[in-house]
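Survey of secondary and tertiary structure
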Amino acid sequence: MAVLAGIVALLVATPAFAIDAAVTSLYGGEAIACSKLKFRYPQYTFFPGTSGYAYETRTSYWSATTFSSPACVFVPQDVQQVSYAVTTITLTLSKFAVRGGGHMPIPGYNGIDGSGILLSSSNLTALSLSPDKSTVSVGPGNRWRDVYGYLKPSDLAAVGGRVGHVGVPGLLLGGGISFYSSQYGFASDNVVKYQCVLSSGLVVEATATNAYSDLFWALRGGGNSFCIVTRFDLKTVPSSKVWIGIAQFGQSQAAGHLDGVYNFGKYGAPSDPKAAIIPTVLTFPASNLTIYVAAKFYDSQTDSPNAFENFTAPKLTPVAESYSLQPLSDYVASTDALQPLGLRQEFRTLSSIVHRDAVQIIHDTFLSGVNLKLSTVKNLQASFTFQPVTKDFLSHSAKTGGNPQGIDITKAPYFWIVENWTWTEASDDTLVRTAADQITADINQLLQARSFNAQYLYMNDAGKGQPVFQSYPAANLRKLKAIRTKYDPFKIYTNLLPGGWKVDNA
Ligand SMILES: Cc1cc2nc3c(=O)[nH]c(=O)nc-3n(C[C@H](O)[C@H](O)[C@H](O)COP(=O)(O)OP(=O)(O)OC[C@H]3O[C@@H](n4cnc5c(N)ncnc54)[C@H](O)[C@@H]3O)c2cc1C
């Protein structure tokens, strides 16, 4: 403590940059940065052993594999405090991590060990509707349930996540698949302005047409290599009540479910942009049980008689069904519990064109791989979800300023698939991750052999090591790298902020 107190006194009395390099090499930059933050913002800087630290490093995460143990946590209250933190961290050459809603299940991507500082968005929870109600300003500490709950009294919603406790910033920086995507594109296609802190500490606002339009484009799917976003201005969409709910099917209905998935992806979604589904197959190897579900969404107060005919009697009668007319915010609040926090989680992503045989290959290869390789894993639940992506979905970005994903519309519709493994014991981590890689490679190989594979890999559903940016058009990746160099010439958000998908590493 005496050493720290001495350092703090020194920092206060001396021009920052002059002393930082010397003291950093002696004591480690993160200790200096933490003491500076604590000195200036004592109530917003947490050290190990405090309840604030425990909340920020554990409770706020979705996957237990990403719990973090930073030297300290800083929880800024506004953009100026974010800027101060960035400058402090940079001048002390400290490493750091940035966390939004904490849902990216990749260790080290939204947290850091004792060699760094965690910058948490928890208190950046501002929400405000523009006077004409066409846009909503959202701080990065919000989760999608907060956004929908805030907009509900105005009969509005936003193009955002489909699970309430998912964070706003991570979803938007990777693109964002929404129930509304066939109507309005990626969630990020509906951002009209970003406020963010450059690595110099400068606060800028980026729009499609101002001096920062290149940064605006990069943030629509380029991840966290460019700046720390402190506010997203999102277009609102009309939404009082929608038809929404989950239909569940038994193991004996597998073929009917997969037929329904294919038909919806090929014909249903392209013909009616108001309709969306999240069809998922969940398997529990220990119980020898596989269940088939489909979350169904229809953006109207009047249900469509045929949008979901393949998931409805007489074609396929659910064993349980909760589809009803309700506000979107009520649905996301009531379904949050289906994705509990604090278990161990792993994602992988794949993409394919829409073909019935591709659906079967993915289904059969995933289930046989899980049963063969992971039957010993305690409390294992494994699932895969087909996310239908239509030409309408992909056509929106060009109308609103473009995005770096650059997905080939000509080959749409697609399925973007997310695989998810959930388990409880750290001792099974390596086994699960190795199997996840192998199962994904096996599926890809079979899809490729039939030319069913598609190029794009969705960042927010990807597992560590998947070549996400390499799946973007090469020219877009080059442009992303040039924009990164322009706004962060010293690679602060690449080298000092090592966690996350980095354009420079692709
Ligand atoms: C249960 C569940 C449901 C999901 N549902 C959907 C869905 O419906 N649609 C969809 O598209 N995706 C969905 N996803 C994927 C989701 O989009 C990603 O996990 C996303 O990263 C979550 O954002 P977050 O803020 O919670 O993430 P975090 O883990 O906090 O952050 C993700 C990345 O963004 C960076 N970051 C966070 N905040 C900032 C900031 N302010 N500035 C710069 N960088 C920042 C972090 O450093 C990190 O690298 C879901 C995931 C889960 C686990």
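Note that the coordinates shown come from a computational prediction; the quantities given were computed from them, not determined experimentally.

**Section: the side chain of Thr207**
Mapped onto the elements of the fold, Thr207 is located in the loop between β9 (203-206) and α9 (213-219). Of note is the side chain of Thr207, whose polar atom sits 3.1 Å from the backbone nitrogen of Asn210.

**A short note on the domain arrangement of the protein**
On domain assignment, one finds that the protein holds domain 1 (2-120), domain 2 (127-239 + 474-505) and domain 3 (242-326 + 342-470). Once you take the C-alpha centre of each, domain 2 and domain 3 turn out to be 25 Å apart. On the domain 3 side, the residues contacting the 35 residues of domain 2 number 35 residues. Surface buried jointly by domain 2 and domain 3 totals about 2900 Å² across both partners, of which 61% is contributed by carbon and sulfur atoms. Of all residues in domain 2, the largest losses of buried area upon contact with domain 3 belong to Phe179, Ser182 and Trp501, amounting jointly to 28% of the total for that side. Here domain 2 and domain 3 share 0 salt bridges between them.

**Observations regarding the pattern of salt bridges**
Where charged atoms from two side chains of opposite charge approach closely, those side chains can pair. Tallied over the full model, the rule gives 18 salt bridges. Between Arg145 and Asp336 there is a salt bridge whose closest N-O contact spans 2.7 Å. Placement of Arg145 in helix α6 (residues 144-151) and of Asp336 in the loop between α11 (328-335) and β16 (344-353) is noted, with a sequence separation of 191 residues between them. Classification of Arg145 as partly exposed rests on a relative accessible area of 35%.

**Some points on the environment of Leu325**
On the secondary structure map, Leu325 appears in strand β15 (residues 324-326). The exposure class assigned to Leu325 is partly exposed, which follows from its relative accessible area of 32%. Separated by 139 residues in sequence, Leu325 and Phe186 have C-alpha atoms that sit 24 Å apart. With near-sequence residues (within four places) excluded, Leu325 lies in contact with Lys241, Val242, Trp243, Ser300 and Gln301.

**Description of the packing of aromatic side chains**
As enumerated under the stated definition, the model contains 32 aromatic pairs in all. Considering the side-chain rings of Trp62 and Phe347, the 5.5 Å spacing of their centres and the 50° angle between planes classify their relative orientation as tilted. In this pair, Trp62 is assigned in the loop between α4 (51-59) and β2 (72-74) and Phe347 in strand β16, connecting sequence segments 285 residues apart. Classification of Phe347 as buried rests on a relative accessible area of 14%. For the ring pair Phe393 and Trp416, a centre distance of 5.5 Å and an interplane angle of 70° mean the geometry is edge-to-face. You can see Phe393 sitting in helix α13 (residues 391-399) and its partner Trp416 sitting in strand β18 (residues 414-423), a full 23 residues away along the chain. Taken individually, Phe393 and Trp416 each receive the classification buried, so the pair is uniform in this respect. Among the aromatic side chains, those forming a connected cluster through ring pairs are Phe186, Phe393, Trp416, Tyr456, Tyr458, Phe469 and Tyr472.

**Re α11**
For α11, every residue scored as buried is listed here: Leu328, Ser329, Tyr331, Val332 and Thr335. The buried side chains of α11 occupy one side of the element, clustering within an arc of 160° when seen end-on. Where α11 is buried, its residues contact α6, β7 (156-158), β11 (242-249), β13 (289-298) and β15.

**Brief notes about unusual backbone geometry**
Note that the residue after Ala313, namely Pro314, is joined by a cis bond; omega there is 5°. With respect to the secondary-structure elements, Pro314 resides in the loop between β13 and β14 (320-321). Going from Ala412 to Pro413, the amide bond is cis rather than trans, its omega being 10°. In this structure, Pro413 sits in the loop between α13 and β18. Phi at Lys133 takes a positive value of approximately 65°, unusual for a residue other than glycine. Within the secondary structure layout, Lys133 lies in the loop between β5 (127-129) and β6 (135-138). The backbone phi angle of Asp155 is positive, close to 55°, even though this residue is not glycine. Counting through the fold element by element, Asp155 comes out in the loop between α6 and β7.

**Remarks on the nonpolar core**
Counting residues in each nonpolar core, the largest one holds 92 residues, and the members touching the most others are Phe96, Leu215, Leu328 and Trp416. Among the elements that make up this core, the one with the highest residue count is helix α5 (residues 79-91) (6 residues). Among residues more than four places away in sequence, those in contact with Leu215 are Cys196, Leu198, Val204, Ala206, Phe226, Cys227, Ile483 and Tyr487. In this structure, Ala247, Val261, Ala275 and Phe384 belong to the second largest nonpolar core, which totals 45 residues.

What counts, and where the lines are drawn
- Residues numbered from 1 in each chain as written.
- Predicted model: local features only at pLDDT ≥ 70, side-chain atom pairs only at ≥ 80, totals over all residues.
- Heavy atoms only, no water.
- Helix = DSSP H or I, 4+ residues; strand = E, 2+ residues; numbered from the N terminus.
- Polar contact = N/O pair within 3.5 Å; in protein donor to acceptor, adjacent residues only side chain to side chain.
- Domains from an automatic or database assignment.
- Contact = heavy atoms within 4.5 Å.
- Buried area = accessible area lost by both parts, 1.4 Å probe.
- Salt bridge = Lys/Arg side-chain N within 4 Å of Asp/Glu carboxyl O.
- Buried < 20%, exposed > 50% of the residue type's maximum accessible area, 1.4 Å probe, protein only.
- Phe/Tyr/Trp six-rings, centres within 6.5 Å; stacked < 30°, edge-to-face > 60°.
- Arc of directions from axis to C-beta.
- Core = buried A, V, L, I, M, F, W, Y, C linked by side-chain atoms within 4.5 Å.

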